[in-house]
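Structural features, examined
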Amino acid sequence: METTATKRRDNKKSLRVKVISLGNAEVGKSCIIKRYCEKRFVPKYLATIGIDYGVTKVQVRDREIKVNIFDMAGHPFFYEVRNEFYKDSQGVLLVYDVGLRESFDALDSWLGEMKQEMGSQANMDSIVFIVCANKVDLTKRRVVDEGEGRLWAESRGFHYFETSAQSGEGINEMFQAFFSSITDMCENGGKRPVSEVSVGFTKEQADTIRRIRNSKDSWDMLGVKPGATREEVNKAYRKLAVLLHPDKCVAPGSEDAFKAVVNARTSLLKNIK
Ligand code: GTP
Ligand code: MG
């Protein structure tokens, strides 16, 4: 016979969570979910219309987790449908296609849309984010490398995984880490455990490295207008040097970014009277 005590214990062990998928259209959100839940890959593109909903059960340690998955459509056309579904999520799969830079650059605006729709409920510390650098099987068309993706994710306290819904690479590992982190968070009173967010460098440092990598010339790299004075160049240089000096900054890519800033300053000063 089931006693009240057993029921209570079982309730404590089972957990219901809501996760959503976000990212531009065609980056592979639905295929990643399908690969995990149905162990198959569909090469033909079938755009998600608004939202797809599914439920799956997973085991994390001694807990059974019932996961409600809301797979969002990435196309801007479906904004009105999507915006209803952001609230009360414990996990977010943020997906981009490693062969399409604009899908990577769009991650910030996806976070922006989410924050805006959650309004006053927006407590990003109570949500586990996992970034999927998807379509890594298509190596020849890759334009966003691992360092850049990882830096963006980890500087925000998000997990980073390289995935391919086509080959299955990284998919199980990614979902295991995702569900295990969500469980840790729920057991931690709904707060993302601190260890995950302390990566040893700041978001400002990571964003600056990314900006430097993508800058179009030396003026742009130092963040000054073309034709700036020596003082302006030196001031901008000093600010970046303090932020990125390899003795102070452990973010991946900081050394290269620091060298690039030194070279940019040298070449600008040569040409300023
Ligand atoms: P929306 O629902 O419109 O937001 O798109 P989505 O992000 O759900 O994309 P979907 O999963 O439908 O995949 C888009 C296209 O990319 C399809 O043709 C897939 O077959 C293909 N695709 C998805 N993942 C991969 C992958 O890892 N590798 C390769 N080569 N193709 C992929
Ligand atoms: Mg889809």
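Just so you know, these numbers come straight off a predicted model, no measurement behind them.

**Focus: unusual backbone geometry**
Located in the positive-phi region is Asp88, a residue other than glycine, with phi close to 65°. Within the fold, Asp88 resides in the loop between α3 (79-82) and β4 (91-97). Its identity is not glycine, yet Lys135 carries a phi of approximately 70°, on the positive side. Tracing the sequence through the fold places Lys135 in the loop between β5 (128-134) and α6 (146-154).

**Some thoughts on the site of ligand 1**
In the region of ligand 1, 25 residues are neighbours, and Lys29, Tyr45, Thr48, Gly74 and Asp137 sit closest. At 3.0 Å from an oxygen atom of ligand 1 is found a main-chain nitrogen or oxygen belonging to Gly28. Residue Val42 places a main-chain N or O atom 2.8 Å away from an oxygen atom belonging to ligand 1. In the complex, the protein chains occlude 93% of the 660 Å² of accessible area that ligand 1 would expose alone.

**Digging into the sheet that holds strand β2 (residues 51-60)**
Across the sheet, which stays open at both edges, the six strands sit in the order β2-β3-β1-β4-β5-β6 with mixed pairing between neighbours. Two strands in the sheet have a free side with no partner beyond their single neighbour: β2 and β6 (159-162). Going from strand to strand, the sheet's axes swing by 25° on average, the running direction of each strand aside. Bridge count for β5 against β6 is four bridges, and the pairing is parallel.

**Topic: the nonpolar core**
Generally speaking, a soluble globular protein has its nonpolar side chains buried in company with each other. One finds Leu22, Leu94, Tyr96, Met114, Phe129, Val131 and Trp152 to be the most contacted residues of the largest nonpolar core, which totals 28 residues. Secondary-structure elements contributing two or more residues to this core are β1 (14-22), β3 (63-72), β4, α5 (107-118), β5 and α6. Here this core takes five residues from α5, the largest share from any one element. Residues contacting Tyr96, with those up to four places away along its chain left out, are Val27, Ser103, Phe104, Leu107, Val131, Cys132, Ala133, Asn134, Val144, Gly149 and Tyr160.

**Re a positive patch on the surface**
A surface patch of positive charge is lined by Arg211, Lys235, Arg238 and Lys239. Among the elements that make up the positive patch, the one with the highest residue count is helix α11 (residues 230-244) (three residues).

**Describing the packing of helix α9 (residues 203-213) against α11**
Interaxial distance between α9 and α11 falls to 10 Å at its minimum, and their mutual angle equals 120°. Taken together, the axes of α9 and α11 are oblique relative to one another. The hand of the α9/α11 crossing is left-handed. Taking contact as the criterion, the partners of Glu204, Gln205, Thr208, Ile209, Arg211 and Ile212 in α9 are, on α11, Leu240, Leu243 and Leu244. A per-class count over the contact of α9 with α11 returns five nonpolar, two polar and two charged.

**Overview of α9**
Count 3.6 residues to each turn of an α-helix, and residues three or four apart come out pointing the same way. Listing the buried residues of α9 in full gives Gln205, Ala206, Thr208, Ile209, Arg210 and Ile212. Buried residues belonging to α9 abut α4 (101-105), α5, α6, α10 (218-222), α11 and α12 (254-271).

**Section: the UniProt feature "domain: J" (unreviewed entry) in the protein**
The residues that UniProt annotates with the feature "domain: J" (unreviewed entry) are residues 217-273. Annotated as 67% helix and 0% strand, the span residues 217-273 places its first and last C-alpha atoms 19 Å apart.

**Description of the side chain of Arg156**
Within the fold, Arg156 resides in the loop between α6 and β6. A distance of 3.3 Å separates polar atoms of two side chains, one belonging to Arg156 and the other to Asp207. Setting aside its immediate chain neighbours within four residues, Arg156 contacts Asp108, Leu111, Arg192, Lys203 and Asp207.

**Examining the packing of helix α2 (residues 29-38) against helix α7 (residues 171-187)**
Where α2 contacts α7, the two axes come as close as 10 Å, and the packing angle between them is 90°. When the interaxial angle is binned, α2 and α7 end up roughly perpendicular. Taken together, the residues of α7 that come into contact with α2 (itself represented by Ile32, Ile33, Arg35 and Tyr36) are Ile171, Asn172, Met174, Phe175 and Phe179. Split by residue class, the contact of α2 with α7 holds seven nonpolar, one polar and one charged.

Parameters and conventions
Residues numbered from 1 in each chain as written. Chains lettered and ligands numbered in written order. Predicted model: local features only at pLDDT ≥ 70, side-chain atom pairs only at ≥ 80, totals over all residues. Heavy atoms only, no water. Helix = DSSP H or I, 4+ residues; strand = E, 2+ residues; numbered from the N terminus. Near = heavy atom within 4 Å. Polar contact = N/O pair within 3.5 Å; in protein donor to acceptor, adjacent residues only side chain to side chain. Areas by Shrake-Rupley, 256 points an atom, 1.4 Å probe, with all protein chains shown as cover. Pairing = 2+ DSSP bridges. Axes fitted to C-alpha atoms, helices over the stretch in contact; angles between N-to-C directions. Core = buried A, V, L, I, M, F, W, Y, C linked by side-chain atoms within 4.5 Å. Buried < 20%, exposed > 50% of the residue type's maximum accessible area, 1.4 Å probe, protein only. Contact = heavy atoms within 4.5 Å. Patch = residues over 30% accessible without salt bridge, like charges linked within 9 Å, V, L, I, M, F, W, Y side chains within 5 Å. Salt bridge = Lys/Arg side-chain N within 4 Å of Asp/Glu carboxyl O. Lys, Arg positive; Asp, Glu negative; His and termini not counted. Charge placed at Lys NZ, Arg CZ, Asp CG, Glu CD. Parallel < 35°, antiparallel > 145°, perpendicular 65-115°, else oblique. Left-handed = near helix turned anticlockwise from the far one by under 90°. Nonpolar A, V, L, I, M, F, W, Y, C, P; charged D, E, K, R; others polar. UniProt positions renumbered as here; feature names shortened; annotations may be inferred.

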